Amino acid sequence: MDHETIINKTTLFVQDTLKNAEGGHDWWHIYRVWTNAKLIAQTESAHLLTIELAALLHDIADSKFNNGDEEVGPRLAGEFLESIDVDKEIVLHVQQIIRYMSFKSAFDKPTFNSKELQIVQDADRLDAIGAIGIARAFNYGGFKGREIYNPAIKPDLNMNKEAYKKSTAPTINHFYEKLLLLKDKMNTATGRQLALQRHQFMEAYLNQFYTEWQ
């Protein structure tokens, strides 16, 4: 099966699977990550089909919507790719990227890395910052019924992985606990370049937020 056919089949599968997803983790999030991944890949030497498949399938079953199960996503992605006869080595690589690309995975000692992982991870992180990142953060906070901001609840900058996964803190805290940290965690030169303006926009937004709050 050629590259284009594999991507088309995967796109249709993802669109159907995520048709009722939360707005910050829906098809349009996937589309933006896929687009950013292809953009970054233009400046890197890496396997494009693996990158595109991992970008398209990375949130097919996000653990936070599946009782914290971090293996359901890689499993479902693998089952789908095997069903359309994608090469086994590519399937395994895509599963590893999905398994290790999330922010919370950084709490563990890394046991897997590849250029393809770095590219898809950067693309996903770009969608977590800037104007869209802000919108996604508040959308998810509303979805979970969280406060927007509470001056009495300070950001926790020393969380372990389990505390991060179980956090119910106000959405503004999430900027300090994750979003503002992503600029310095980018893997590629293109990712770092694209992240800078989005980071600065978040800083300006927070300044405006506190001005209005007072």
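Structure report, in brief. (Residues numbered from 1 in each chain as written. Predicted model: local features only at pLDDT ≥ 70, side-chain atom pairs only at ≥ 80, totals over all residues. Heavy atoms only, no water.)

## Considerations on the pattern of salt bridges
- Tallying each qualifying case throughout the model produces eight salt bridges.
- Here E82 ties to K88 by a salt bridge, and the two come within 2.8 Å at their closest N and O atoms.
- Its relative accessible area of 38% is what places E82 among the partly exposed residues.
- Judged by its relative accessible area of 46%, K88 falls in the partly exposed class.
- Linked by salt bridges that have partners in common, R32, D127 and R136 make up one network. (Salt bridge = Lys/Arg side-chain N within 4 Å of Asp/Glu carboxyl O. Buried < 20%, exposed > 50% of the residue type's maximum accessible area, 1.4 Å probe, protein only.)

## Notes on the packing of aromatic side chains
- As enumerated under the stated definition, the model contains 16 aromatic pairs in all.
- With a centroid separation of 4.1 Å and an interplanar angle of 5 degrees, the aromatic rings of F13 and F80 are classed as stacked. Of the two residues, F13 sits in helix α1 (residues 3-17) while F80 sits in helix α4 (residues 72-83), which places them 67 residues apart along the sequence.
- Exposure remark for F80: the relative accessible area of 10% places this residue in the buried category.
- With a centroid separation of 6.2 Å and 50 degrees between ring planes, the pair formed by W27 and Y31 is classed as tilted. In this pair, W27 and Y31 both sit in helix α2 (residues 27-41), four residues apart, roughly one turn of the helix.
- Given the relative accessible area of 11%, W27 is considered buried. (Phe/Tyr/Trp six-rings, centres within 6.5 Å; stacked < 30°, edge-to-face > 60°. Helix = DSSP H or I, 4+ residues; strand = E, 2+ residues; numbered from the N terminus.)

These values are about where atoms sit, not about what they do.
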